[in-house]
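Breakdown of the fold
What follows is the residue order along each chain.
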Amino acid sequence: MIQYKLIYFDVRGLGEVSRQLFHLAGVEFEDVKISRNDEQAWLELKKSTPFGQLPILKVLDTESQKEIEIPQSSAIGRYLANQFGYAGKSPEEKAMVDAVIDQFKDFLVPQKQLTLAVRTKKSEEEVNRVKEEIVTPAKNEYFKILKKLLGNNSSGFLVGNGITWGDLQISDNLTTLEGFGLFTPLEEPILAKFHEKIMNTPSLKTYFEQRLASLL
Ligand SMILES: N[C@@H](CCC(=O)N[C@@H](CS)C(=O)NCC(=O)O)C(=O)O
């Protein structure tokens, strides 16, 4: 038997897509959430993590007692998506799903500046400057790409005709952008329809409904 333990902070961030993959697949896992406010606990744990950061996924084979620890959110997401059948149905689909993830990671670079400005309680003026000058231009290009993918695919998913971890990642990011006031469903009907579709995925609906509002 395989036992999974996902360790991340008590936020959605880079751990959320892996959590969603477990719920989507109906596979049990231990969802360890390290408090963002408990710096001491994190610094202690940090020493024993493979690359010094979270998330990490521990995979234990209970028969052989062999355990592996996987660092890096995309490596974890890709591993779980492959294990559970949400990585794409062919090598070509898998490559396109990876391209979607890479595009998201590119966008994360400017988006992180906004997250940092908010977390470090910069002035409203500074937060708005980062939003307008850094994040919005990058977001416009990113949205163009997403709309092109959705426009070329009648299934309503970004790649192929079934849900993949690429859909989960982009939908989760739209939730984040909506929170920042950078995604307004009424102004982006194509992306809004996609977001709605993923949020209404039957095996994920309960998880989304029960997810703590604090899991920002
Ligand atoms: N490229 C890594 C980035 C991981 C990362 O930045 N983790 C942050 C949390 S989102 C972290 O562990 N911060 C605490 C630290 O670096 O001490 C990934 O995708 O997993």
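Further up the page is the structure itself.
Anyway, here's the lowdown on the structure attached to this text. (Residues numbered from 1 in each chain as written. Predicted model: local features only at pLDDT ≥ 70, side-chain atom pairs only at ≥ 80, totals over all residues. Heavy atoms only, no water.)

Time to look at the pairing of strand 1 (residues 2–9). Inspection of the sheet shows strand 1 paired to strand 3 (residues 56–61) by six bridges, in the antiparallel sense. By the bridge assignment, Gln3 is partnered in strand 3 with Leu60. Regarding topology, helix 1 (residues 16–25) serves as the crossover connection from strand 1 to the parallel strand 2 (residues 30–34), and that connection is right-handed. (Pairing = 2+ DSSP bridges. Helix = DSSP H or I, 4+ residues; strand = E, 2+ residues; numbered from the N terminus. Right-handed = clockwise from strand over helix to strand, strands pointing away.)

By secondary structure assignment, the location of Phe22 is in helix 1. Since its relative accessible area comes to 0%, Phe22 is described here as buried. Spatially, the C-alpha atom of Phe22 lies 16 Å from that of Ile70, the residues being 48 residues apart in sequence. Those residues in contact with Phe22, other than ones at most four positions away along the chain, are Tyr4, Val27, Glu28, Phe29, Leu57, Leu80 and Phe84. (Buried < 20%, exposed > 50% of the residue type's maximum accessible area, 1.4 Å probe, protein only. Contact = heavy atoms within 4.5 Å.)

The ligand sits among Tyr8, Phe9, Leu14, Arg36, Trp42, Lys46, Gln53, Leu54, Pro55, Gln72, Ser73 and Lys105. Gln53 places a side-chain nitrogen or oxygen 2.9 Å from an oxygen atom of the ligand. In this structure, Gln72 approaches the ligand through a side-chain N or O atom, which is 2.7 Å from a nitrogen atom. Computed on the free molecule, the ligand has an accessible area of 510 Å², of which 76% lies beneath the protein chains in the complex. Mapped onto the shell around the ligand, the elements with two or more residues apiece are strand 1 and helix 2 (39–46). Looking at the shell around the ligand residue by residue, the class counts come to six nonpolar, three polar and three charged. (Near = heavy atom within 4 Å. Polar contact = N/O pair within 3.5 Å; in protein donor to acceptor, adjacent residues only side chain to side chain. Areas by Shrake-Rupley, 256 points an atom, 1.4 Å probe, with all protein chains shown as cover. Nonpolar A, V, L, I, M, F, W, Y, C, P; charged D, E, K, R; others polar.)

We now examine the sheet that holds strand 1. Strand pairing in a sheet relies on backbone hydrogen bonds. The paired strands run either parallel or antiparallel. Taken in spatial order, the four strands of this open sheet run 2-1-3-4, and their pairing is mixed. Where the open sheet ends on each side, the last strands, each with one partner, are strand 2 and strand 4 (66–71). Averaged over all adjacent pairs, the angle separating strand axes in this sheet is 15°, with direction ignored. Two elements, strand 1 and strand 2, share five bridges in a ladder whose sense is parallel. When the sheet's bridge partners are listed, Leu6 is paired in strand 2 with Asp31. (Axes fitted to C-alpha atoms, helices over the stretch in contact; angles between N-to-C directions.)

Here we come to the packing of aromatic side chains. Under the counting rule described, the total for this entry stands at 10 aromatic pairs. Aromatic side chains Tyr4 and Phe84 sit 6.0 Å apart centroid to centroid with 80° between the ring planes, which places their arrangement in the edge-to-face category. One end of the pair, Tyr4, is in strand 1; the other, Phe84, is in helix 3 (residues 73–84), and 80 residues separate them in sequence. The class of Tyr4 is buried, set by a relative accessible area of 9%. Residue Phe84 is classed as buried on the basis of its relative accessible area of 17%. Taking the centre distance of 4.3 Å and the plane angle of 15° together, the rings of Phe107 and Tyr142 count as stacked. On the criterion of sequence distance, the pair formed by Phe107 in helix 4 (residues 91–119) and Tyr142 in helix 5 (residues 124–151) is long-range, its members being 35 residues apart. (Phe/Tyr/Trp six-rings, centres within 6.5 Å; stacked < 30°, edge-to-face > 60°.)

Turning next to the packing of helix 1 against helix 3. One can describe the packing of helix 1 onto helix 3 by two numbers: an axis separation of 9 Å at closest approach and a directional angle of 10°. With respect to each other, helix 1 and helix 3 are oriented roughly parallel. On helix 3, the residues touching Ser18, Leu21, Phe22 and Ala25 of helix 1 are Ile76, Gly77, Leu80, Ala81 and Phe84. Counted by class, the contact of helix 1 with helix 3 contains seven nonpolar, two polar and no charged residues. (Parallel < 35°, antiparallel > 145°, perpendicular 65-115°, else oblique.)

For the rest of this paragraph, the subject is the side chain of Arg19. The residue Arg19 is located in helix 1 in this model. Looking at Arg19, the relative accessible area reads 0%, which means it is buried. Only 3.0 Å separates the side chain of Arg19 from the backbone oxygen of Phe9, close enough to count as a polar contact. Side-chain polar atoms of Arg19 contact the side chain of Asp31, separated by 3.0 Å.

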